[in-house]
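Descriptive structure summary
Spelled out from the first residue to the last, the chains are:
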Amino acid sequence: MSDMTADGVRDEVRAWLDETWDPERPLREWRELLADSGWGCPTWPVEHCGRGLSPALAAVVAEEFDRVGAVGTATGSAMTLAAPTILEKGSEDLKGRLLRPIITGENTWCQLFSEPGSGSDLAGLTTRADRDGDEWVVTGQKVWTTGARTAAYAMLLARTDWEAPKHRGITYFALPMRQPGVEVRPLQQMNGYASFNEVFITEARVPHANVVGEVGGGWGSALATLAHERGLAGNRGGRTGRGDGRTVREAVAEAAEYNKTYVWYPQRAGRSDLIAPEAQERGVNGDPTVRQMAASLHAFEKAARWTADRSRAARAQGRPPGPEGSLGKLHGSEIARRSAATHTRIAGAYGMLTGPDSPRNGIIAEVLVSVPGASIAGGTDEVQHNIIGERVLGLPKEPTVDADIPFKEVRRNSGR
Ligand SMILES: Cc1cc2nc3c(=O)[nH]c(=O)nc-3n(C[C@H](O)[C@H](O)[C@H](O)COP(=O)(O)OP(=O)(O)OC[C@H]3O[C@@H](n4cnc5c(N)ncnc54)[C@H](O)[C@@H]3O)c2cc1C
């Protein structure tokens, strides 16, 4: 397959779409066809619902889907984080069982990584899993878990070996969420939404066959997930198609339901698109300070976009993304912070108001209390600086005192 030409792929997908894309088909049925044919995930292996195409040829497939307005695979972290991790680290059995319901949208996933005492220091986690025959029994507490209320499965990190050093005693599981031992409690954020949850796990059960990677090799699988998360830069996938046929209507409704959790994410990114109109409406577009802040932000955003484009172009040509791939996360946080500062300068104290007669119906206030999330989510900016220092610039590693001793001897202030 991968030795096909762009024209060959275009002809083939066009013929398939001409024959198969029927806008009145039920969404579930269409998604099954996407999985069967491999056209929904063209870069995936042929034996696992893909066609083994290069990213450049997959772009041709996407163009053809867009041309006819066809619906694609489901959106969300199942597709962007769980699936690539399973493809990279999972057994053939796991790929066979778990990938297809991700493509069809039947299963959404959440990420049970962070704990009250382990966020940046993720390898210090203390949720435990103990082997019991063909199963593992999991007990512990997770926090910040986005989308846990609706997820069918979780990417779970748990400690399975307390004698090993901290990075080597962790195992990555695909945990079924809908079971008595898993209790999800929503947490309200300062912007009023509750997209995060605390998850209390009490003797929950997970089959041994659901280990992603090796027992004790969970850190490597976690890094695979995190690499995809940091490379996301806001792209959550999901092509809902065009037109008013049944398939599109159902895909739009499915995406809207899923995206309820993420309605504040545009505000988290700073809403720089509102800066010029807000400045005009408030009559401060002639203010030299506002102009300077807006222009400098605009230039920064352009440079960040071009850097991201370079990284994407490298990947499309099959080259590694290079150092620019590590900068996207920091650029996003910087744009969010600068946008919030510029909005504050424009709106002044009004920016603190919410409700119908406040700036942009409270959206500006929502920006101000949402942007801190940008520099925390998916690993903090400070940790990203450390990663760039060590992996890109080759600076000495951050000193650690606990990486080489058995985890049970590591001094910590939480966990069992
Ligand atoms: C919008 C959002 C969604 C999220 N969704 C999920 C999710 O679905 N699943 C999940 O598991 N987690 C999720 N998280 C959690 C997120 O991954 C953690 O919040 C993050 O990794 C930081 O961990 P922490 O909150 O424990 O902060 P801490 O690790 O306690 O950090 C506190 C402060 O210390 C700094 N710091 C810590 N270590 C270092 C160091 N070595 N060098 C320099 N500075 C350091 C940090 O930068 C930070 O400023 C989400 C977070 C946000 C904001």
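How each quantity is defined
- Within every chain, residues take consecutive numbers counted from 1 along the sequence as written.
- Predicted model: local features are reported for residues with pLDDT of at least 70 only, side-chain atom pairs are reported and counted for 80 or more only, and whole-chain, interface and lining totals are derived from all residues.
- UniProt positions are given in the numbering used here, feature names are shortened, and annotations may be inferred rather than shown by experiment.
- Start and end positions for the domains come from either an automated domain assignment or a database one.
- Note on terminology: a nonpolar core is a set of buried residues of type Ala, Val, Leu, Ile, Met, Phe, Trp, Tyr or Cys, with members joined through C-beta atoms within 7 Å.
- Exposure in this text rests on C-beta crowding, where 20 or more other C-beta atoms within 10 Å of a residue's own make it buried, 12 or fewer make it exposed, and counts in between make it partly exposed. The C-beta atoms are placed from the backbone.
- Residues are treated as contacting if the C-beta atoms built from their backbones sit within 7 Å of each other.
- For helices, the axis comes from a line fit to the C-alpha atoms of the stretch in contact; other axes are also lines fit to C-alpha atoms, and the angle between any two N-to-C directions lies between 0 and 180 degrees.
- A helix here means a DSSP run of H or I that spans at least four residues, while a strand means a run of E at least two residues long, and both kinds are numbered starting from the N terminus.
- Roughly parallel means an angle under 35 degrees; roughly antiparallel means over 145; roughly perpendicular covers 65 to 115; every other angle is labelled oblique.
- Note on convention: the crossing is left-handed when the near helix lies turned anticlockwise from the far helix by less than a right angle, right-handed when the turn is clockwise.
- Residues are grouped as follows: nonpolar covers Ala, Val, Leu, Ile, Met, Phe, Trp, Tyr, Cys and Pro; charged covers Asp, Glu, Lys and Arg; every other residue, Gly included, is treated as polar.

Named according to an unreviewed UniProt entry, the protein chain is Acyl-CoA dehydrogenase, long-chain specific originating from uncultured Acidimicrobiales bacterium. Annotation of the protein chain in UniProt includes, under Sequence similarities (unreviewed entry), the sentence "Belongs to the acyl-CoA dehydrogenase family." In its Cofactor (unreviewed entry) section, the UniProt entry covering the protein chain states "FAD".

To continue, consider the domain arrangement of the protein chain. Annotation of the protein chain at the domain level lists domain 1 (6-74), domain 2 (79-89 + 106-230) and domain 3 (268-378). Relative placement of domain 1 and domain 2: their C-alpha centres are 31 Å apart.

Attention now goes to the nonpolar core. Judged by nonpolar contacts, the single largest core of 63 residues is most densely connected at Ala 154, Phe 173 and Leu 175. Residue-level mapping places this core at the junction of two domains, with at least three residues from each of domain 1 (6-74) and domain 2 (79-89 + 106-230). Not counting residues within four places of it along the chain, the set of residues in contact with Phe 173 comprises Ala 129, Trp 136, Leu 156, Ala 158, Val 206, Asn 210, Val 211 and Val 212. Ile 275, Ala 340, Leu 368 and Val 371 belong to the second largest nonpolar core, which has 18 residues in total.

Here we come to the packing of helix H10 (residues 288-316) against helix H11 (residues 328-347). One way to put it is that H10 packs onto H11 with a least axis distance of 10 Å and a crossing angle of 165 degrees. Classified by the angle between their axes, H10 and H11 sit roughly antiparallel to one another. At the point where H10 passes H11, the crossing takes the left-handed sense. Facing Thr 289, Val 290, Met 293, Ala 294, Leu 297, Phe 300, Glu 301, Ala 304 and Ala 308 of H10, the residues of H11 in contact are Gly 328, His 331, Glu 334, Ile 335, Arg 338, Ser 339, Ala 341, Thr 342, Arg 345 and Ile 346. Classifying every residue of the contact of H10 with H11 gives ten nonpolar, five polar and four charged.

A few words now on the environment of Tyr 350. Structurally, Tyr 350 is set in the loop between H11 and helix H12 (363-370). Through-space distance from the C-alpha of Tyr 350 to that of Ile 364 is 9.0 Å; in sequence the pair is 14 residues apart. Excluding its chain neighbours within four sequence positions, the residues that come into contact with Tyr 350 are Ser 358 and Pro 359.

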